[in-house]
Amino acid sequence: MTGGSRALLAHADELEALLRLSLGDLHTPAELAAHLPAARRGLLRARIALAAGDRQAVQEHLQAAALADLTPRQALVRQLLLAAAAVERADPAAAGILGGALHTARSHGFLNTVIATAPQVAGYLVEHASQLRSDPFVDRLVAAALEVRAAQPRTAPSSRVLAEPLTAAEQRILTLLPTSTYLQIADTLYISRNTVKTHLRSIYQKLGVASRSAALERAVDLRLL
């Protein structure tokens, strides 16, 4: 088998592993990882460990991957997985780790890689959009993360459904909340700022929260975003 054929086969194995991992299969990706080059193997095993909730294994595999010869995209994936692991364990350093990853992604234009690498990262972007430095790249990231979440099946159990659903007007405001200020929401919807505040009070009450960040986190959990 030629070097080119081996590279194509490894790429195909990696794609199949990522697809199966997205479907909740941890066993097959682990088997496929064994046949990958060192860099891809370490990153894939870190993804599997993250999906399995094995935080120690995530760190070990990412440390091993750091010793390999990483391409710019692979180096970014490693940064994103470090950020995802930090988000998963509620590490205060998560914002800084992700900030470094976003800087790398912006410099290379790797938008899809940020969104597709780990659901923890996409979720964090939605929940903390108001705290991120707003620029065209970040705005596109947040919009893409929202699109991914909207496309996912809404299969939340009844215990996670609001007792009193949001009105259509409230849902419109909630959809704009991650990426817009109150004044921007008012301008977009052609309503007054006071009307926005009134709707937000109702939204917060229905979600059982008291702040914008908590509202976004709760809305993501309920698949309202």
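Everything that follows concerns the structure shown earlier in this document.
Described in the following lines is the structure provided in the data block. Just so it is clear, the structure is predicted and the values come from calculations on it, not from any experiment.

1. With respect to the overall build of the protein
Link 1 in the chain: Across its full length, the protein carries 13 helices and zero strands.
Link 2 in the chain: Based on the C-alpha atoms only, the size of the protein along its principal axes is roughly 65 × 40 × 30 Å.
Link 3 in the chain: For the protein, buried positions account for 40% of its 225 residues.
Link 4 in the chain: Long-range contacts, defined here as pairs at least 24 residues apart, represent 60% of the contacts in the protein between residues at least 6 apart.
Link 5 in the chain: For the protein, the exposed area adds up to about 12100 Å²; of that, 55% sits on carbon and sulfur atoms.
Link 6 in the chain: Looking at the protein, you have 24 positive and 19 negative side-chain charges, and the mean spots of the two groups are 4 Å apart.

2. Structural notes on the layout of surface pockets
Link 1 in the chain: A volume near 670 Å³ is recorded for the largest pocket.
Link 2 in the chain: In terms of lining, the largest pocket is formed by 22 residues, of which the most central are S22, A116, T117, A118 and P119.
Link 3 in the chain: Residue composition of the lining of the largest pocket, grouped by class: 13 nonpolar, six polar and three charged.
Link 4 in the chain: In this structure, the second largest pocket spans a volume of roughly 330 Å³.
Link 5 in the chain: Along the walls of the second largest pocket sit 15 residues, with E14, L18, R47, R73 and V77 positioned nearest its centre.
Link 6 in the chain: For the lining of the second largest pocket, the secondary-structure elements that each account for two or more residues are helix 1 (3-22), helix 3 (38-52), helix 5 (72-88) and helix 7 (111-117).
Link 7 in the chain: Here the lining of the second largest pocket is composed, by residue class, of six nonpolar, five polar and four charged.

3. Quick notes on the packing of aromatic side chains
Link 1 in the chain: Taken as a whole and assessed by the stated rule, the structure comprises zero aromatic pairs.
Link 2 in the chain: Above the plane of the ring of F110 lies R73, whose end atom (NZ or CZ) is 4.0 Å from the centre.

4. Considerations on helix 10 (residues 168-176)
Link 1 in the chain: For helix 10, the set of buried residues is E170, I173, L174 and L176. Viewed end-on, helix 10 has its buried residues packed into an arc of 165 degrees, placing them on one side of the element.
Link 2 in the chain: Here the buried face of helix 10 lies against helix 11 (182-189), helix 12 (193-207) and helix 13 (212-221).

5. Observations regarding helix 12
Link 1 in the chain: When the terminal C-alpha atoms of helix 12 are compared, their 21 Å separation across 15 residues agrees well with the 21 Å that a helix rising 1.5 Å per residue should span.
Link 2 in the chain: Listed in full, the buried residues belonging to helix 12 are V196, L200, I203, Y204, K206 and L207. Each buried residue of helix 12 lies within a common arc of 160 degrees when the element is viewed along its axis, so the set occupies one face. Exposed residues on helix 12 whose side chains face more than 90 degrees from its buried face are N194, R201 and Q205.
Link 3 in the chain: Residues of helix 12 that are buried in the fold lie against helix 10, helix 11 and helix 13.

6. Details of the pattern of salt bridges
Link 1 in the chain: Throughout the structure, instances matching the rule amount to seven salt bridges.
Link 2 in the chain: The residue R106 makes a salt bridge to D135 at a minimum N-O spacing of 2.9 Å. Note that R106 is positioned in helix 6 (residues 94-108) and D135 in the loop between helix 8 (119-127) and helix 9 (136-151), a separation of 29 residues in sequence.
Link 3 in the chain: D135 gets classed as buried once you look at its relative accessible area, which sits at 13%.
Link 4 in the chain: Through salt bridges with shared partners, a single ionic network connects E16, R20 and D25.

The rules behind each value
- Residues numbered from 1 in each chain as written.
- Predicted model: local features only at pLDDT ≥ 70, side-chain atom pairs only at ≥ 80, totals over all residues.
- Heavy atoms only, no water.
- Helix = DSSP H or I, 4+ residues; strand = E, 2+ residues; numbered from the N terminus.
- Buried < 20%, exposed > 50% of the residue type's maximum accessible area, 1.4 Å probe, protein only.
- Contact = heavy atoms within 4.5 Å.
- Areas by Shrake-Rupley, 256 points an atom, 1.4 Å probe, with all protein chains shown as cover.
- Lys, Arg positive; Asp, Glu negative; His and termini not counted.
- Charge placed at Lys NZ, Arg CZ, Asp CG, Glu CD.
- 1 Å grid on protein atoms, 1.4 Å probe; cavity = no way out; pocket = protein on both sides within 12 Å on 5 of 7 lines; lining within 4 Å.
- Points joined across faces, edges and corners; volume = space filled by probe spheres on them.
- Nonpolar A, V, L, I, M, F, W, Y, C, P; charged D, E, K, R; others polar.
- Phe/Tyr/Trp six-rings, centres within 6.5 Å; stacked < 30°, edge-to-face > 60°.
- Lys NZ or Arg CZ within 6 Å of the ring centre and 35° of its normal.
- Arc of directions from axis to C-beta.
- Expected span 1.5 Å × (residues − 1).
- Salt bridge = Lys/Arg side-chain N within 4 Å of Asp/Glu carboxyl O.

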